[in-house]
2 protein chains.
Amino acid sequence: MDTRTCVDRIYAVGPKVDPVPRLAWCPGLRDQKLRAEVMRSARTYRAGETITSEGGNTAPLLFILDGWVASWKMLWDGRRQIIDVALPLDVLTPLSACGKRAWCGLDALTISVVAAPSMPLVSLEVPAPLLSQGLGPSIAAARARQAERILRIGQGSAYERVGYVLLELFVRLSAIGRANGNRFRVSMTQQRIGEYIGLSSVHVCRVLSRLCADGIISHRDEEIEVLELDALAEIADVNLGHFRERILPAATN
Amino acid sequence: MDTRTCVDRIYAVGPKVDPVPRLAWCPGLRDQKLRAEVMRSARTYRAGETITSEGGNTAPLLFILDGWVASWKMLWDGRRQIIDVALPLDVLTPLSACGKRAWCGLDALTISVVAAPSMPLVSLEVPAPLLSQGLGPSIAAARARQAERILRIGQGSAYERVGYVLLELFVRLSAIGRANGNRFRVSMTQQRIGEYIGLSSVHVCRVLSRLCADGIISHRDEEIEVLELDALAEIADVNLGHFRERILPAATN
DNA sequence: CGTAGCTTTGACCGGCTTCAAGCTATGTGG
DNA sequence: CCACATAGCTTGAAGCCGGTCAAAGCTACG
């Protein structure tokens, strides 16, 4: 499958963002030749396709050039929790402490383009004092999102959780030019949304209905329109200004 | 307050572990003089004392030399979620993406000794290709624990959650020589355990009773004895071998 | 000895899950 | 072009898990 045409096809659909210059966000990717090398290692995955299975082999760094990618873990009986959803221009570090295996499974939620450069990055000596800079903007943002989500899953009601996850996705998509004003596309089934925030798909459906009935949002299929952003932020218990600063890679602001 | 005497006093209580050589686990701390510098910046906190408040100033790296430290986030109405519990020899990176403020609050759950070296570590150029090594063993382990916990909080029953958290603490304490055979001390109130796994303190109490009634554990106050480790691992849905590899800093194994 | 904080136990109830059935949209093969 | 299958969404009914409220025991400590 020709990667170039796939990239082009995807980019023709949504608002255009050229990933190459924006990859400059990534730690150690200020060098343009390196960025080109990353692009060259890109591969396209179909929606639903497995990128890595838990405990399997993986590259240390994955760059999401386009699409939605879910990282998840599973209990023996099949109950599944989505740990995080990576959006275009996010960076994933699926390597576990032992250095060989992935600590999570990775699924493409939509058709996705993922770069997994192995050779060039191993030789990449991270020059900056990475730790004191907070682990690189993209990884720090992922951690902040994770903490916010743990807080809602652990303490929030279903209404608050769904409100939160919609707001999180809206803010992140807006930042990368993939929202259309107050509208955006949630490229997840209600089943998957439930796995993301610890609810059954049936209850996700009910809560979405209630959010519509309350005039906070409206939706047709996966297309969401935020009608009352402030009200949504209040439900999610989010201060929008601080929230953006924390869950977005710094360079996005 | 004289740090040395506090350290000594604590170390006189539990099984002894000299933190200085084991700090060699930490990324960039192989140099003995640096380690001594870290020790010199240590400060003692009383149980319940705030180390950092959410959004406050913080050092980029905190070394837990002794004690239990909870990192937490809160909703506006006071509901609190403990994001992670750091034990002796763990490393915390509370700095958020913006690089100035802490993304979480930090409380000492017990009397604790925490080193927060600011000067020497800023000048520390991380030499190894840190990313490809998985972010340093301690931080990678913290992330793995977090993923495991999200899975249980999102998908597990109360019984599974409590079983999991007891097992997690038991495994981690054993690794640093702070368990006594099958016995260990949970230095958290049931209220705090609940905040850690998203349950009310009342229900934590009930589940603990049930674990005792089922012969899995026994406990007096905060002193827990694991009677049936395999059964506990089954409840927690954990493969002990893999689990240890993943949630412990690599050098511990 | 009294107070404060934590644990334990009981009673009640409501939020969420589960099960089930019907609906819609999309795709497939005759 | 229609019959049929599949996947996801929606809605209802029933039941249980876990939260909340309340009161009583237990320890530690001043």
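Criteria and cut-off values
Every chain's residues receive numbers from 1 upward, in the order its sequence appears when written. Each chain is given a letter, starting from A, and each ligand a number, starting from 1, according to the order in which they appear as written. Under the rules for a predicted model, residues below a pLDDT of 70 receive no local features and side-chain atom pairs below 80 are neither given nor counted, while totals for whole chains, interfaces and linings still include all residues. With hydrogens and water set aside, each side-chain value is computed from the structure's full complement of heavy atoms. By convention here, the domain bounds are inherited from an automatic or database domain assignment. In this description, contact between two residues means that some pair of their heavy atoms is separated by no more than 4.5 Å. Here's the idea: put two parts together, see how much 1.4 Å probe accessible area each one loses, and the total over both is what we call buried area. Salt bridges are counted wherever a side-chain nitrogen of Lys or Arg sits within 4 Å of a carboxyl oxygen of Asp or Glu. Polar contact is the term for a pair of N or O atoms within 3.5 Å; when the atoms are in protein, one must be able to donate a hydrogen and the other to accept it, and sequence-neighboring residues count only if both atoms are side-chain atoms. Each helix is a run of DSSP H or I of at least 4 residues and each strand a run of E of at least 2, with the numbering of both proceeding from the N terminus. Note on residue categories: nonpolar means Ala, Val, Leu, Ile, Met, Phe, Trp, Tyr, Cys or Pro, charged means Asp, Glu, Lys or Arg, and polar means any other residue, Gly included. We call a residue near a molecule or strand when any one of its heavy atoms sits within 4 Å of it. Pairing between two strands requires that DSSP report at least two bridges joining them. The predictor rates its confidence in each residue with pLDDT, a number between 0 and 100. Exposure is judged per residue with a 1.4 Å probe applied to protein chains only, and the accessible area is read against the type maximum: over 50% gives exposed, under 20% gives buried, and values in between give partly exposed.

**A short note on the domain arrangement of chain A**
Reports of interface size often rely on the accessible area that becomes lost once the parts have come together. Residue and element names in this part refer to chain A. Examined at the domain level, chain A breaks down into domain 1 (3-126) and domain 2 (139-247). Taken together, the contact pairs 20 residues of domain 1 with 22 residues of domain 2. Each partner contributes to the roughly 1800 Å² buried at the junction of domain 1 and domain 2, and carbon and sulfur atoms together form 55% of this total. Inspection of the domain 1/domain 2 interface yields five salt bridges. A salt bridge links Arg172 to Asp90; the shortest N-O distance between them is 2.8 Å. Across the domain 1-domain 2 interface, the total number found is 11 residue pairs in polar contact (both at pLDDT 80 or more). It is strand β5 (residues 80-86) that provides the largest number of residues to the side of domain 1 that touches domain 2, a total of seven residues. The class makeup of the residues in the side of domain 1 that touches domain 2 is 12 nonpolar, three polar and five charged.

**Considerations on the protein's contact with DNA strand C**
Near DNA strand C lie 16 residues; those nearest to it are Ala158(A), Ser200(A), His203(A), Gln190(B) and Arg206(B). Of all atoms in DNA strand C that approach within 4 Å of the protein, 64% are sugar or phosphate atoms. Contact between DNA strand C and Ala158(A): a phosphate oxygen at 2.8 Å from a main-chain N or O atom of the residue. With respect to DNA strand C, the side chain of Arg206(A) contributes an N or O atom lying 3.2 Å from a base oxygen. Residue assignment for the surface near DNA strand C shows that the elements contributing at least two residues are α8 (201-213) of chain A together with α7 (190-197) and α8 (201-213) of chain B. Across the surface near DNA strand C, the residue classes tally to five nonpolar, nine polar and two charged.

**Observations concerning the sheet that holds strand β3 (residues 62-66) of chain A**
Residues and elements named next belong to chain A. Read across the open sheet, the four strands follow the order β1-β8-β3-β6; overall the sheet is antiparallel. Two strands close off the open sheet at either side, each with one partner strand: β1 (42-45) and β6 (91-92). Pairing analysis gives three bridges linking β3 to strand β8 (residues 112-115), with the strands arranged antiparallel. Each residue of the ladder has a partner; that of Asp66, found in β8, is Val113.

**Some words on the pairing of strand β10 (residues 217-220) of chain A**
Residue and element names in this part refer to chain A. Where β10 and strand β11 (residues 223-226) come together, four bridges link them in antiparallel fashion. If you follow Arg220 over to β11, its bridge partner there is Glu223. Linkage of β10 to β11, two consecutive antiparallel strands, is achieved through a turn of two residues, within which Asp221 is found at a positive phi near 55 degrees.

**Let's talk about the protein's contact with DNA strand D**
Taken together, 15 residues lie near DNA strand D, and Gln190(A), Arg206(A), Ala158(B), Ser200(B) and His203(B) sit nearest. Among the atoms of DNA strand D lying within 4 Å of the protein, the sugar-phosphate backbone contributes 69%. A distance of 3.1 Å separates a base nitrogen of DNA strand D from a polar side-chain atom of Arg206(A). One of the backbone N or O atoms of Ala158(B) is found 2.8 Å from a phosphate oxygen in DNA strand D. When residues of the surface near DNA strand D are traced back to their parent elements, those giving at least two are α8 of chain A together with α8 of chain B. Considering each element in turn, the surface near DNA strand D owes the most residues, four residues, to α8(A). Of the residues assigned to the surface near DNA strand D, the class counts are five nonpolar, eight polar and two charged.

**Here's the deal with the confidence of the model for chain A**
Residues and elements named next belong to chain A. This prediction gives chain A a mean pLDDT of 83; 77% of its residues lie at or above 70. Long-range and interchain partners of residues 1-17, a stretch whose pLDDT sits below 50, account for 23 contacts in this model, where long-range means more than four residues apart. In the predicted structure, residues 120-135 sits below a pLDDT of 50 and forms 36 contacts with residues beyond four places in sequence or in another chain.

**Description of the side chain of Arg145(B)**
Residue and element names in this part refer to chain B. Assignment of secondary structure puts Arg145 in helix α5 (residues 137-155). With a relative accessible area of 3%, Arg145 lands in the buried category. Filtering out sequence-adjacent residues up to four positions away, Arg145 remains in contact with Asp84, Val85, Asp90, Tyr164, Glu168, Arg172 and Ile247.

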